[in-house]
Amino acid sequence: MSALPSDIQSDPVAPAELTAIHPADTAEGVAQWWRSSVIYQVYPRSFRDFDGDGNGDLAGVAAELDQLAELGVDAVWLSPFYPSPQRDGGYDVSDYCDVDPIFGTLNTFDHVVERARELGIRVIVDLVPNHCSEEHSLFRAALAAGPGSPERALFVFRDGKGADGAEPPNNWQSHFGGPAWTRVVEPDGTPGQWYLHLFDSSQPDFNWDNPAVHEEFERILRFWLDRGVAGFRVDVAHSLVKKDGLPDWHGRPDGVGTEDYPGHLAPMFGQPALHDIYRRWREVLAEYGEDRVLCAEASIDPLDRLVNWVRPDQMHQTFNFAFLSCPWDAAKYRTVIEESLRAFDSVGAPTTWVLSNHDVPRHATRLGVEGVPARPGDGLGPEDQQPNLQLGQVRARAASLMMLGLPGVVYLYQGEELGLPDHTMMPHSFRQDPTYRRTAGARLGRDGSRVPLPWNSAAAAAGFSRSGTTWLPQPAGWDEFARDRQRHDASSTLSLYTAALELRRKKDLGHGSLSWLSDYDDTACLAFVNRDVLVMVNMGDTDVRLPRSEVLLTSAAGAVADGCLRPGHGVWVRLM
Ligand code: NOJ
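Here is a short report on the structure shown in this document.

Definitions and limits used
Residues numbered from 1 in each chain as written. Predicted model: local features only at pLDDT ≥ 70, side-chain atom pairs only at ≥ 80, totals over all residues. Heavy atoms only, no water. Helix = DSSP H or I, 4+ residues; strand = E, 2+ residues; numbered from the N terminus. Rg over C-alpha atoms; globule rule 2.2 N^0.38 Å. Buried < 20%, exposed > 50% of the residue type's maximum accessible area, 1.4 Å probe, protein only. Contact = heavy atoms within 4.5 Å. Areas by Shrake-Rupley, 256 points an atom, 1.4 Å probe, with all protein chains shown as cover. Lys, Arg positive; Asp, Glu negative; His and termini not counted. Charge placed at Lys NZ, Arg CZ, Asp CG, Glu CD. Polar contact = N/O pair within 3.5 Å; in protein donor to acceptor, adjacent residues only side chain to side chain. Near = heavy atom within 4 Å. Nonpolar A, V, L, I, M, F, W, Y, C, P; charged D, E, K, R; others polar. Core = buried A, V, L, I, M, F, W, Y, C linked by side-chain atoms within 4.5 Å. Phe/Tyr/Trp six-rings, centres within 6.5 Å; stacked < 30°, edge-to-face > 60°. Lys NZ or Arg CZ within 6 Å of the ring centre and 35° of its normal. 1 Å grid on protein atoms, 1.4 Å probe; cavity = no way out; pocket = protein on both sides within 12 Å on 5 of 7 lines; lining within 4 Å. Points joined across faces, edges and corners; volume = space filled by probe spheres on them. Pairing = 2+ DSSP bridges.

Observations concerning the overall build of the protein
Then comes step 1: A tally of helices and strands in the protein yields 14 helices and 20 strands.
Then comes step 2: In terms of overall size, the protein behaves like a compact globule, its C-alpha atoms giving a radius of gyration of 24 Å where 576 residues would be expected to give roughly 25 Å.
Then comes step 3: Taken over the C-alpha atoms alone, the protein extends approximately 85 × 50 × 45 Å along its principal axes.
Then comes step 4: For the protein, the residues scored as buried account for 60% of the 576 residues in total.
Then comes step 5: Expressed as a percentage of contacts within the protein between residues at least 6 apart in sequence, the contacts between residues at least 24 apart total 70%.
Then comes step 6: Summing over all exposed atoms, the protein offers an accessible surface of approximately 21,600 Å²; the carbon and sulfur share of this is 50%.
Then comes step 7: Computed over 52 positive and 80 negative side-chain charges, the separation of the two mean positions in the protein equals 1 Å.

Structure, rendered in structure tokens:
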């Protein structure tokens with residue numbers, strides 16, 4: 001382990017004086033696994049390729065679940081593995097109740113759930129209710145049936161504006177760039193209506209004003225609940241319902257108001273009618289017992305509004321993107337952690353914490369960028385200033401140690417336990433993210449954080465696929481991050497995560513409480529106590545003296561020297 005247990009002799013602190021801003025869970029809360037769990041996101045196409053076609057698959061997931069059990073996770077969330085033309089990495093679903101042949105079959109899926117159950121790991125699947133693929137049979141039927149048909153009423157079709165209907169029905173923009181409307185050619189060959197797609201034109205939005213859509217998604221929920229899933233991560237949970245009349249929107253495309261439009265509710269973001277949908281879904285889940293969960297991917301600001309989604313009759317969890325986007329700044333982390341705990345506590349929901357996922361640059365890359373990245377949001381490319389990988393690694397390990405010390409739910413993204421950075425030198429010819437195409441390369445998209453994982457340093461494609469093929473290229477030196485190299489190396493990132501997860505479980509930090517150690521409030525050092533563990537991360541430029549304590553875990557060898565925590569590092573200590 002990177003921890004070198006040792007005693008630090010310094011000023012004593014008295015934990016008894018600490019005031020918890022977040023009290024430990026009650027007995028009822030402790031019984032609910034989803035309040036404290038560590039959930040590991042598997043992006044199946046890049047996890048592990050079992051059949052050698054260059055795409056990860058569900059057989060690969062089943063084969064490597066032992067590794068995740070060894071890491072110590074409680075559950076896995078599988079990003080979409082459904083039949084899909086893969087125009088948006090599987091978030092363009094053409095059949096919600098099957099498995100794409102590149103990933104396997106329903107039998108392979110059942111095998112994953114069964115193997116996971118044997119290992120004590122729950123399986124959460126991704127539900128994509130805002131839109132489907134243009135190849136979904138319902139959308140094909142809608143195109144064939146023509147204007148005014150019940151088939152079209154499942155989607156958001158409108159006549160265009162202007163004399164010949166050649167202008168889109170409103171000014172909405174796609175999240176991936178360009179207009180959010182595409183005009184169809186009617187069955188008789190004439191230019192016709194327009195359909196709404198908040199994302200790629202291959203992803204038509206469903207019409208959630210139509211009860212038939214509600215029925216269809218209840219059927220889908222039950223299909224997977226019957227197969228034993230522990231719950232659903234709900235994609236774009238904030239956008240299903242659109243405001244009546246589809247009015248123009250002059251704020252930002254991500255739903256955030258502008259100065260001219262302060263606090264305005266975007267007509268496709270967080271509409272009040274959404275809450276009844278999630279109330280109904282919670283009832284459906286409850287029919288299967290109390291331990292099935294819903295986690296919202298909801299881009300809703302501020303936190304006080306977001307928590308409306310996790311009131312006791314709606315979702316169980318929602319991702320905390322305010323935490324994910326916090327820069328390397330102790331005061332800012334202090335604020336976002338405190339505001340998160342207060343806001344979620346106010347509705348009795350657990351706070352979730354996440355640093356990386358398949359939509360953003362990995363935190364080992366983000367934290368290695370000094371100043372503001374030239375290209376914020378999507379990934380970095382060969383033309384951009386390259387991140388300082390060493391700095392990113394050091395800080396990422398400290399940030400992870402901070403996150404794993406917090407009470408609540410932690411989401412990990414596959415490969416962060418290996419310290420993986422993004423592929424920031426990926427040649428553009430490989431890019432698959434629709435954002436790249438729809439913005440003519442102005443935004444690079446998210447491929448850099450979706451690179452196939454390295455498993456075995458001595459094997460082809462770093463052990464991802466026995467054929468040596470990978471659907472996205474791996475960067476040079478990827479084998480150095482391979483799991484086999486890290487498993488038995490006490491100083492590796494994998495060993496750090498494994499040790500932190502073990503201690504987190506042993507000390508029940510997930511159900512614990514949080515108090516700031518005010519001695520450090522004025523410094524660039526974040527310091528909080530959970531149970532008997534003091535978590536400290538030094539985000540400043542100078543050494544910080546540790547209190548009298550026993551070191552439990554350090555973010556890297558050399559993090560603690562002469563009783564001080566070095567800049568960029570983190571530590572878990574037990575106060576003495
Ligand atoms: C959020 C998903 O995480 C992202 O990958 C996807 O492109 C959009 N939703 C659209 O489904």
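Alright, that's what it looks like, and here's the rest.
Focus on the side chain of S202
Then comes step 1: Considering the arrangement of structural elements, one finds S202 in the loop between strand 7 (191-196) and helix 5 (211-226).
Then comes step 2: Looking at S202, the relative accessible area reads 1%, which means it is buried.
Then comes step 3: A distance of 2.6 Å separates polar atoms of two side chains, one belonging to S202 and the other to D200.
Then comes step 4: Leave out the neighbours within four places in its chain, and S202 touches R87, C132, S133 and E134.

Let's talk about the site of the ligand
Then comes step 1: Taken together, 13 residues sit near the ligand, with D88, R233, D235, H358 and D359 positioned nearest.
Then comes step 2: Within the side chain of R233, an N or O atom sits 2.9 Å from an oxygen atom of the ligand.
Then comes step 3: For the ligand, whose unbound accessible area comes to 290 Å², protein coverage reaches 97%.
Then comes step 4: Of the residues contributing to the shell around the ligand, the split by class is four nonpolar, two polar and seven charged.

Description of unusual backbone geometry
Then comes step 1: Of note, the amide linkage connecting D301 to P302 takes the cis form, showing an omega dihedral of -15°.
Then comes step 2: Residue position: P302 is located in the loop between strand 9 (293-296) and helix 7 (303-306).
Then comes step 3: Positive phi, normally seen in glycine, also occurs at Q86, with a value near 60°.
Then comes step 4: Relative to the elements of secondary structure, Q86 occurs in the loop between strand 3 (75-78) and helix 3 (106-118).
Then comes step 5: Despite not being glycine, A461 shows a phi value in the positive range, around 50°.
Then comes step 6: We classify A461 as buried; its relative accessible area is 13%.

Remarks on the environment of G510
Then comes step 1: Assignment of secondary structure puts G510 in the loop between helix 14 (493-506) and strand 13 (515-516).
Then comes step 2: Residue G510 is classed as buried on the basis of its relative accessible area, which comes to 7%.
Then comes step 3: Not counting chain neighbours up to four residues away, the residues in contact with G510 comprise R35, S36, P407, G408 and R504.

A word on the nonpolar core
Then comes step 1: Among the nonpolar cores identified, the biggest contains 140 residues, and F232, I337 and W572 are the most heavily contacted of them.
Then comes step 2: Listed in part, the 16 residues of the second largest apolar core include L517, A527, A559 and V571.

With respect to the packing of aromatic side chains
Then comes step 1: Under the definition given, this model contains 29 aromatic pairs.
Then comes step 2: Look at F47 and W455: their rings are 5.2 Å apart centre to centre, the planes differ by 85°, and that puts the pair in the edge-to-face class. Of this pair, F47 sits in the loop between strand 2 (38-42) and helix 2 (58-71) while W455 sits in the loop between helix 12 (434-438) and helix 13 (483-487), placing them 408 residues apart in sequence. W455 shares its class with F47; the two are buried.
Then comes step 3: Between the aromatic rings of W77 and F319, the centroid separation amounts to 5.4 Å while the plane-to-plane angle is 35°, which identifies the pairing as tilted. Of the two residues, W77 sits in strand 3 while F319 sits in the loop between strand 10 (317-318) and helix 8 (321-324), which places them 242 residues apart along the sequence.
Then comes step 4: According to the relative accessible area criterion, F319 is buried, its value standing at 3%.
Then comes step 5: Aromatic ring contacts, followed pair by pair, group Y96, F139, F155, F157, Y195, F206, W208, F217, Y278, W281 and W309 into a single cluster.
Then comes step 6: One cation-aromatic arrangement involves R45 over W471; the distance from NZ or CZ to the ring centre is 4.0 Å.
Then comes step 7: If you follow R431 out to its NZ or CZ, it ends over the ring of Y436, 5.9 Å from the centre.

A short note on the layout of surface pockets
Then comes step 1: Of the volumes computed, that of the second largest pocket is approximately 350 Å³.
Then comes step 2: Along its surface, the second largest pocket is lined by 22 residues, and Q32, R35, V347, G348 and A349 are the ones closest to its centre.
Then comes step 3: Listed by contribution, the elements that provide at least two residues to the lining of the second largest pocket are helix 1 (27-30) and helix 9 (330-345).
Then comes step 4: Grouping the constituent residues of the lining of the second largest pocket by class yields ten nonpolar, six polar and six charged.

Description of the pairing of strand 20 (residues 570-575)
Then comes step 1: Counting buried positions over the six residues of strand 20 gives five, a clear majority of the element.
Then comes step 2: Sheet topology note: the strand 17 (residues 549-554)/strand 20 ladder contains five bridges and is antiparallel. Bridge pairing in strand 20 places E550 opposite R574.

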